[in-house]
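Observations on chain architecture
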Amino acid sequence: MGLRLVSNPYLFYSEPDGSLPVHPDSPSKLFRRLGDKFGWRELHLHGLRHFTATQLVAAGMDIRTVAGLLGHADASVTLKVYSHVLEAKNQEAASIMGALLRPPIQLEGERVE
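All of these numbers come straight from a predicted model, not from anything done at the bench. (Residues numbered from 1 in each chain as written. Predicted model: local features only at pLDDT ≥ 70, side-chain atom pairs only at ≥ 80, totals over all residues. Heavy atoms only, no water.)

1. What about the overall build of the protein chain?
Helix and strand counts for the protein chain stand at five helices and zero strands. The helix and strand sequence of the protein chain, counted from the amino end, reads α-α-α-α-α. Radius of gyration (C-alpha) of the protein chain: 23 Å, far over the 13 Å computed for a compact globule of 113 residues. Projected onto its principal axes, the C-alpha coordinates of the protein chain cover approximately 80 × 35 × 30 Å. Counting over 113 residues, the protein chain shows a buried share of 13%. Taking contacts inside the protein chain between residues at least 6 apart in sequence as the whole, the part at least 24 apart equals 18%. Total accessible area on the protein chain is roughly 9,400 Å²; 60% of this is exposed by carbon and sulfur atoms. Taking the average location of the 12 positive side-chain charges in the protein chain and that of its 12 negative ones, the two points are 9 Å from each other. (Helix = DSSP H or I, 4+ residues; strand = E, 2+ residues; numbered from the N terminus. Rg over C-alpha atoms; globule rule 2.2 N^0.38 Å. Buried < 20%, exposed > 50% of the residue type's maximum accessible area, 1.4 Å probe, protein only. Contact = heavy atoms within 4.5 Å. Areas by Shrake-Rupley, 256 points an atom, 1.4 Å probe, with all protein chains shown as cover. Lys, Arg positive; Asp, Glu negative; His and termini not counted. Charge placed at Lys NZ, Arg CZ, Asp CG, Glu CD.)

What follows is the structure in structure tokens.
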């Protein structure tokens, strides 16, 4: 077609080369129509963003990468929003370290050096 994409195209665009974004409400409205059609009354497009971020954090993806994907210039914003997921990871980390640092079991009559 002889069309060349711009170097950093918009995800939702109105120009074929990706250089001009659609109105910000357009993807949400389209998603809402699809949701209504398929009975996803409680699902919103923004919810998919939270789902993705939560799953990445829970899977151990580093917070700077997740922040970048979300468009957060400062990872502290991501940390604040997804701290509930990180709390579970903190518990898991504490359990791992507790197991590693637990003194070995001493058998009766065995000398500890």
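What follows picks up the thread again.
2. Some thoughts on the packing of helix α2 (residues 45–58) against helix α3 (residues 63–70)
Between α2 and α3, whose axes approach to 10 Å, the crossing angle comes to 165°. Viewed along their axes, α2 and α3 adopt a mutual orientation that is roughly antiparallel. α2 and α3 meet at a crossing whose hand is right-handed. Judged by residue contacts, Arg49, Ala53, Leu56 and Val57 of α2 engage Ile63, Val66, Leu69 and Leu70 from α3. Grouping the amino acids of the contact of α2 with α3 by side-chain chemistry returns seven nonpolar, no polar and one charged. (Axes fitted to C-alpha atoms, helices over the stretch in contact; angles between N-to-C directions. Parallel < 35°, antiparallel > 145°, perpendicular 65-115°, else oblique. Left-handed = near helix turned anticlockwise from the far one by under 90°. Nonpolar A, V, L, I, M, F, W, Y, C, P; charged D, E, K, R; others polar.)

3. Let's talk about the nonpolar core
Formed by Ala53, Val57, Ile63, Val66, Ala67, Leu70, Ala75, Tyr82 and Val85, the largest nonpolar core amounts to nine residues. Of all elements in the fold, only α2 and α3 reach the threshold of two or more residues within this core. No other element matches the four residues that α3 contributes to this core. Beyond its immediate chain neighbours, meaning those up to four positions away, Ala53 contacts Val66, Leu70 and Tyr82. (Core = buried A, V, L, I, M, F, W, Y, C linked by side-chain atoms within 4.5 Å.)

4. Describing the confidence of the model for the protein chain
Per-residue pLDDT for the protein chain averages 86, and the proportion of residues at 70 or more is 94%. For the protein chain, per-element mean pLDDT is lowest for helix α5 (residues 83–101), which scores 84, and highest for α3, which scores 93. (pLDDT = per-residue confidence, 0-100.)

5. What about the pattern of salt bridges?
Scanning the model with the defined rule gives two salt bridges in all. The residue Arg32 makes a salt bridge to Asp36 at a minimum N-O spacing of 3.4 Å. Taken together, the residues span about one helical turn, with Arg32 and Asp36 both in helix α1 (residues 25–38) at a distance of four residues. When its relative accessible area of 23% is taken as the criterion, Arg32 is described as partly exposed. With relative accessibility at 39%, the residue Asp36 sits in the partly exposed group. With a shortest N-O distance of 3.4 Å, Arg41 and Asp36 are connected by a salt bridge. (Salt bridge = Lys/Arg side-chain N within 4 Å of Asp/Glu carboxyl O.)

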